[in-house]
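Listed below are the residues making up each chain.
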Amino acid sequence: MKQSICLLLSILFTLLLRPTFATKKSYVVYMGAHSHGKEATSIDFDRVINSHHEFLGSHLGSIEKAKDAIFYSYTRHINGFAAILEDEKAAELSKNPKVVSIFLNKEKELHTTRSWNFLGLEHEGKIPKSSLWKKARFGEDIIIGNIDSGVWPESESFSDEGMGPVPSRWKGTCQTGSDPTFRCNRKLIGARYFIKGFAAKAGALVTSKFYTPRDTLGHGSHTLSTAGGNFVEGANIFGYGNGTAKGGSPRARVAAYKACWPRIIPSDSCTDADVLAAFDMAIHDGVDVLSVSMGGLPVPYAQDSIAIGSFHAVKHGIVVVTSGGNSGAYPGTIANTAPWLITVGASTIDREFSSYVILGNNKRYRGVSLSTGALPEGKSFPIITGAFAKVANATTQEANFCIAGTLDPKKAKGAILVCHRGGSAAVEKCTQATLVGAVGIVILNSAFFGNEMYAEPYLCPATLISYSDGLQVSSYVNSSRTATAYITRPTTELGTKPAPIMAAFSSIGPNMVTPEILKPDITAPGVSILAAFTGVQGSAEIGLDDRRVKFNTMTGTSMSCPHVAGVVGLLKTLHPTWSPAAIKSAIMTSARTRDNTINPMTNSTHLKASPFAYGSGHIWPNRAMDPGLVYDLIIDDYMNFLCAQGYNETQISFFTKGYFKCPEPISFSNLNLPSITVPNLKSSIVVTRTLKNVGSPGTYKARIRSPIGISVVVEPNTLEFKKIGEEKSFKITLKFKGNKAPKDYVFGQLIWSDKKHYVRSPIVVKSSKNVR
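A brief report on the enclosed structure follows. This is a predicted model, so every value here is computed, not measured.

**Quick look at the packing of helix α8 (residues 219-228) against helix α15 (residues 557-574)**
The relative placement of two packed helices comes down to the angle between their axes together with the axis-to-axis distance.
Here is step 1: Orientation of α8 relative to α15, taken along the N-to-C sense of each, is 30 degrees, at an axis distance of 7 Å. Classed by the angle they form, the pair α8 and α15 counts as roughly parallel. In this structure, the crossing between α8 and α15 has a hand that is right-handed. In contact with His219, His222, Thr223, Thr226 and Ala227 of α8, α15 contributes Ser558, Met559, Pro562, His563, Ala565 and Gly566.
Here is step 2: Here the contact of α8 with α15 is built from residues that sort into 4 nonpolar, 7 polar and no charged.

**Notes on the nonpolar core**
Here is step 1: Ranked by internal contacts, the top residues of the largest apolar core, which has 45 residues, are Ile147, Tyr257, Leu290, Tyr301 and Trp340.
Here is step 2: Every element with two or more residues in this core is listed here: β5 (143-148), β9 (253-258), α9 (272-285), β10 (289-292), α10 (305-315) and α19 (635-644).
Here is step 3: No other element matches the 6 residues that α19 contributes to this core.
Here is step 4: If sequence neighbours within four positions are ignored, Tyr257 has contacts with Gly145, Asn146, Ile147, Asp148, Trp170, Arg192, Phe194, Ala278, Met281, Ala282, Asp285 and Val287.
Here is step 5: In terms of nonpolar packing, the next biggest core, distinct from the first, is built from 39 residues, Leu370, Cys419, Met453 and Met559 among them.

**Some points on the sheet that holds strand β31 (residues 746-753)**
Here is step 1: Strand order in the open sheet formed by 5 strands is β25-β32-β31-β27-β29, with mixed pairing between adjacent strands. Across the chains shown, the open sheet's two edge strands, defined by having one partner strand only, are β25 (676-681) and β29 (718-721). Taking each pair of neighbouring strands and ignoring which way they run, the sheet shows an average axis angle of 20 degrees.
Here is step 2: Across 4 bridges, the pairing between strand β27 (residues 698-705) and β29 is antiparallel. Residue pairing in the sheet places Lys701 in a bridge with Thr718 of β29.

**With respect to unusual backbone geometry**
Here is step 1: The peptide bond linking Lys497 to Pro498 adopts the cis configuration, its omega dihedral lying at -5 degrees.
Here is step 2: Looking at the element boundaries, Pro498 is found in the loop between β20 (491-494) and β21 (522-525).
Here is step 3: At the junction of Gly509 and Pro510, the peptide bond is cis and its omega measures out at 10 degrees in the coordinates.
Here is step 4: Assignment of secondary structure puts Pro510 in the loop between β20 and β21.
Here is step 5: Phi is positive for Asn336, which is not a glycine, with a value near 55 degrees.
Here is step 6: A relative accessible area of 4% places Asn336 in the buried class.
Here is step 7: For Ser528, which is not glycine, the phi torsion reads 50 degrees and is therefore positive.
Here is step 8: Secondary-structure assignment places Ser528 in the loop between β21 and β22 (529-532).

**What about α15?**
Here is step 1: Taking 1.5 Å as the rise per residue, α15 with 18 residues should run 26 Å; its terminal C-alpha atoms sit 26 Å apart, in good agreement.
Here is step 2: Here α15 lies mainly inside the structure; 17 of its 18 residues are buried.

**Focus on the packing of aromatic side chains**
Here is step 1: Applying the stated rule across the entire model yields 22 aromatic pairs.
Here is step 2: Geometrically, the ring pair formed by Phe198 and Trp261 is stacked, given 6.3 Å between the ring centres and 15 degrees between the ring planes. Of the two residues, Phe198 is situated in helix α7 (residues 196-202) and Trp261 in the loop between β9 and α9; the sequence distance between them amounts to 63 residues. Both residues of the pair, Phe198 and Trp261, count as buried.
Here is step 3: We note Arg421 situated over the ring of Phe449; from NZ or CZ to the ring centre the distance is 3.5 Å.
Here is step 4: Cation over ring: Arg592 sits above Phe118, and NZ or CZ is 5.3 Å from the ring centre.

Rules of the game
- Residues numbered from 1 in each chain as written.
- Predicted model: local features only at pLDDT ≥ 70, side-chain atom pairs only at ≥ 80, totals over all residues.
- Heavy atoms only, no water.
- Axes fitted to C-alpha atoms, helices over the stretch in contact; angles between N-to-C directions.
- Helix = DSSP H or I, 4+ residues; strand = E, 2+ residues; numbered from the N terminus.
- Parallel < 35°, antiparallel > 145°, perpendicular 65-115°, else oblique.
- Left-handed = near helix turned anticlockwise from the far one by under 90°.
- Contact = heavy atoms within 4.5 Å.
- Nonpolar A, V, L, I, M, F, W, Y, C, P; charged D, E, K, R; others polar.
- Core = buried A, V, L, I, M, F, W, Y, C linked by side-chain atoms within 4.5 Å.
- Buried < 20%, exposed > 50% of the residue type's maximum accessible area, 1.4 Å probe, protein only.
- Pairing = 2+ DSSP bridges.
- Expected span 1.5 Å × (residues − 1).
- Phe/Tyr/Trp six-rings, centres within 6.5 Å; stacked < 30°, edge-to-face > 60°.
- Lys NZ or Arg CZ within 6 Å of the ring centre and 35° of its normal.

What follows is the structure, encoded as structure tokens:
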């Protein structure tokens, strides 16, 4: 025992006699702005780097030591550098007259689901007391169901850490099927699969391995975690977008209903039979919210499994949120048009994964990418078009699309290829370029997509640039036999403007089934959204990609739909007695129609967007929790609407149990929705709406912004509400101004306000008169 004590004292004494070394930390040295301006060249940037080395070297004793210490030189607009320094040297530098400031390189939490920061639920990692998240306890114990491609249960987004017992009202089950490793928990409280409809089409191709709710596509895990995923620190994709992932209702319980399957047959993988079965079981199990990121061509409601299933869900008080479709901004492409649904368009957020292409003429163009590969720093490469590298039997268009088999390795080897968007998947272009020996690709956007860009996890150095920048790049490449270029490694940029911008792929109105119903209802983030993914699919979702990621970026109205579902979960927690229609109204009437530059929202070609693209606007959750007034509906109102659509009592029985007598006369223009659409104005029309007070007593006054060429009169234009639940009706008269009718749809808005709340409804009108 004494020997042990003596040994410990000897060791301690030896340590005390050893010299101590100064601790080094990472610092940022800020030196103001550069003087080289916007037209700086690579020579200017190199000069800045050298000046930083010389400056720090004068303090450290040599330029070589400075080069070892500096890990960033800010060369474009911000003048400064980041370096590993001893505290004493940092203090010394701070006294230098050239240094504006020096500070520790502290950690900042970037929000992986950046959309929640963009939507105002949090601010730079902190959640204000006024946030709907705080007020609604993060959606605690609400149950969100997801009809999709299943779930990857091992994802940390579905961890039950911090979750209490499963709500006793839950009737669901964990249907593991042929997968004994599949497990549910207190977070992922239920999982089912529905395959009979798919098996009926695929036949013998469906084997026992299919019989599981496990997600092998990644789509279902992504959407479900966006709606209700738990908090996951350190989530990222290849280091990009690093931060804490979370769903809209992070403390909600979630359940997966797998009705979508791998495309082993040509037709779509989600059959009506399976989808309807999923709806049926979800209603039974006791979900509060259903997120459904799927759809098809607009069809009559009685022939639409989503319309039917959601009608029954709404009848049971379940709010159903659906995606509007990705058919592009062509009139009439919007899907999921039933009025009892919340139909969601897709728009951008203020985060981009930027990667620049730097041409040999020193011009720089910003693109987006999530490439894991990177070109050697400081080295440029020949840049050629796909057409220049085409094989003899390929067309120019095929080669410009960089389609498999169209590129000549002898011409492409060692070069950066310029590929046009379209013809094949963007990530596939990278694969083809690599196969023929190219070092990377620059993808030129099409005129249709304009300035809309979203990052993908390319297998080679790659970047996607805008249409207008693509014209400049093409001009340079085609005008020079010795054209060169360089592609920078992607970086995460926050606070980009303008945002939101409506996505070019997001389907738009008018509603082809019922033109009197505005669709979509709302827009939400749907571009480059980072969320949970499957463990059996490569991040690029192509066969050659063996990279596995826990989180992946995906783009589409499929991604915007669960954002709204997550917000619905919060509102259901905060206002459990509100009907689905009231929640829908709160979301719609509180939306915003301006971007973060305080200008009207635009599309990818910088044109002003309309309600046919964004519905009532971009979702703004904190306003939705206290909308003041709502436009409410009960199930009988929807049945009256079906009567007005021309369905008889027998047909309506598809939607509801029992006999229903259609009233006469009926007008679906008077369905009490938070939007007003008149697609066939002959001379004048009177539309009726009813508002319910869900806030404090107050007197609301109407304010109108009339559509061009249309007169809008509201009677009465003042409504006084004395108690919660009180209802007041008003009439809106719309008629032409003068003899000339508008040539196309025109848009306006109605706002009811008590100076605290602003209850805004879009007005959409089209004339049926002969246009002069």
